[in-house]
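Descriptive structure summary
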Amino acid sequence: MALTISILFGSVRDGRLGIRYAKYLEAAVKARGHTAVLIDPLEFDLPLLRKRFSDYAPGQTPPENVAKLHKILLDSDAFILVSAEYNHAPAPAMLNLLDHFKSEYESKPSAIACYSYGPFGGVRAAMTLRAVMGELGASSIPRLLPCPAVHEAFDGNGLPKDESAWKKRSDDFLGQLEWYANALKGARAKN
Ligand SMILES: Cc1cc2nc3c(=O)[nH]c(=O)nc-3n(C[C@H](O)[C@H](O)[C@H](O)COP(=O)(O)O)c2cc1C
């Protein structure tokens, strides 16, 4: 079944490298017949959290960019988090993006594609994100997709150096996410 999958990217850093990995995953999701929505916190220019979307009282108007994101997340069937590791933790732009919302994630799966410049692929940040996504009601699938040396793995357009290896890895990862997304979509439809 065709799904709508949001790809949440978590860096606003000058010269950020992970955007190439996010672009690769956006293309990989589309190639499997789904709608992919890449959420770039730089483009949305999200403020540091002062108020969650749900904390706006009736009649109060949330900022336009926050309202737009709310709708994108609400309409999504699954989430892919593309996150760097900063000081053994998820990058703050990722946590800030996540924290603006809550019910929008509920009863949908997430999948974590972590990365780093170094050899470990950001897996320590992924472990924290697993706990965060569980709390948000969007538990992560068992598979992770870590990318070490992200600067070497993809060019600036998101094209992988080793295309066949990445196709196999991303197909395994996305295939598992689709299974959970379809199962939970069916369950949500019954409620
Ligand atoms: C504040 C900061 C902390 C970092 N801490 C880690 C770390 O704990 N582990 C790691 O593997 N890389 C770490 N790095 C290196 C990042 O993996 C690398 O800069 C990566 O490109 C960050 O993603 P981005 O370019 O998309 O922002 C750190 C980088 C920054 C800027």
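These lines cover the structure that appears in this document, whether it is placed above or below. None of these values were measured; they are calculated from a predicted model.

As for the overall build of the protein chain
Summing up its helical and strand segments, the protein chain has seven helices and six strands in all. Compactness check: the protein chain gives a C-alpha radius of gyration of 16 Å against a globular reference of 16 Å for 191 residues, within 12% of the reference. With respect to the three principal axes, the spread of C-alpha positions in the protein chain is 50 × 40 × 25 Å. Across the 191 residues in the protein chain, those meeting the buried criterion constitute 37%. Counted over contacts in the protein chain with a minimum sequence separation of 6, partners at least 24 positions apart contribute 82%.

With respect to the pairing of strand β3 (residues 78-86)
Most of β3 sits inside the fold, with eight of its nine residues counted as buried. Note that strand β1 (residues 4-9) and β3 share five bridges and pair parallel. Within β3, the position partnered with L8 by the bridge is L81. Pairing analysis gives six bridges linking β3 to strand β5 (residues 110-115), with the strands arranged parallel.

Some details on the site of the ligand
Within the structure, the ligand sits among 15 residues, and S11, G18, A84, Y86 and S116 are positioned closest to it. Tallied by class, the residues present in the shell around the ligand amount to five nonpolar, seven polar and three charged.

Observations concerning helix α7 (residues 163-190)
The terminal C-alpha atoms of α7 lie 40 Å apart, and with 28 residues this matches the ideal 40 Å at 1.5 Å per residue to within 8%. For α7, the set of buried residues is W166, S170, F173, L174, L177, E178 and A181. Of the surrounding secondary structure, the elements contacted by the buried residues of α7 are α1 (19-31), β3, β5 and β6 (140-144).

Let's talk about the pairing of β6
Summarising the sheet, β5 and β6 pair through two bridges and their orientation is parallel. Paired with I112 across the bridge in β6 is L144. Assessed by its sense of winding, the connection that carries the chain from β5 through helix α5 (residues 123-135) to β6 is right-handed.

Let's talk about the nonpolar core
One finds I7, L8, Y21, L25, I80, V82 and A113 to be the most contacted residues of the largest nonpolar core, which totals 46 residues. Residue contacts for L8: discarding those within four places in its chain leaves I39, F79, I80, L81, V82, M94 and L97.

Notes on unusual backbone geometry
For N87, which is not glycine, the phi torsion reads 50 degrees and is therefore positive. Following the sequence through the fold, N87 ends up in the loop between β3 and β4 (89-90). For N87, a count of 9 C-beta atoms within 10 Å translates into the label exposed. Residues other than glycine seldom take positive phi values, yet H88 does so here, at roughly 65 degrees. Relative to the assigned elements, H88 resides in the loop between β3 and β4.

Things to note about α1
The first and last C-alpha atoms of α1 sit 18 Å apart over 13 residues, in line with the 18 Å expected at 1.5 Å per residue. Residues of α1 that are buried: R20, Y21, A22, K23, Y24, L25, A28 and V29. Here the buried face of α1 lies against β1, β2 (35-39), β3, β5, α6 (150-153) and α7. Taken from the residues just after α1, G33 is the one with a positive phi, measuring 90 degrees.

Considerations on the environment of L25
Looking at the element boundaries, L25 is found in helix α1. You can call L25 buried: it has 25 C-beta atoms within 10 Å. A sequence separation of 55 residues divides L25 from I80, and the C-alpha atoms of the two residues are 8.7 Å apart. Ignoring anything within four residues of it in the chain, the contact list for L25 reads I7, I80, V82, A113 and S170.

Definitions and cut-offs
Each residue is numbered by its place in its chain's sequence as written, counting from 1. In keeping with the predicted nature of the model, local features appear solely for residues at pLDDT of at least 70, side-chain atom pairs appear and are counted solely at 80 or more, and the whole-chain, interface and lining totals rest on all residues. Under the DSSP-based scheme used, a helix requires at least four consecutive residues in state H or I and a strand at least two consecutive residues in state E, with every element numbered from the N terminus. This radius of gyration counts C-alpha atoms alone. The globule rule is 2.2 Å times how many residues there are, raised to the power 0.38. Counts of 20 or more other C-beta atoms within 10 Å of a residue's own C-beta define buried residues, counts of 12 or fewer define exposed ones, and intermediate counts define partly exposed ones; C-beta atoms are placed from the backbone. Whether two residues are in contact depends on their C-beta atoms, placed from the backbone: they are in contact if these lie within 7 Å. Between any two strands, pairing holds if DSSP finds at least two bridges. To decide nearness, the C-beta atom of each residue is placed from the backbone, and the residue is near a molecule or strand if that atom lies within 6 Å of it. Polar here means any residue outside two lists: the nonpolar Ala, Val, Leu, Ile, Met, Phe, Trp, Tyr, Cys and Pro, and the charged Asp, Glu, Lys and Arg; Gly therefore counts as polar. One less than the number of residues in a helix, times 1.5 Å, gives the span that helix is expected to have. With strands facing away from the observer, any crossover in which the path from the first strand over the helix to the second runs clockwise is taken as right-handed. Any set of buried Ala, Val, Leu, Ile, Met, Phe, Trp, Tyr and Cys residues joined through C-beta atoms within 7 Å is what this text calls a nonpolar core.

Nothing here speaks to function; it is all geometry.
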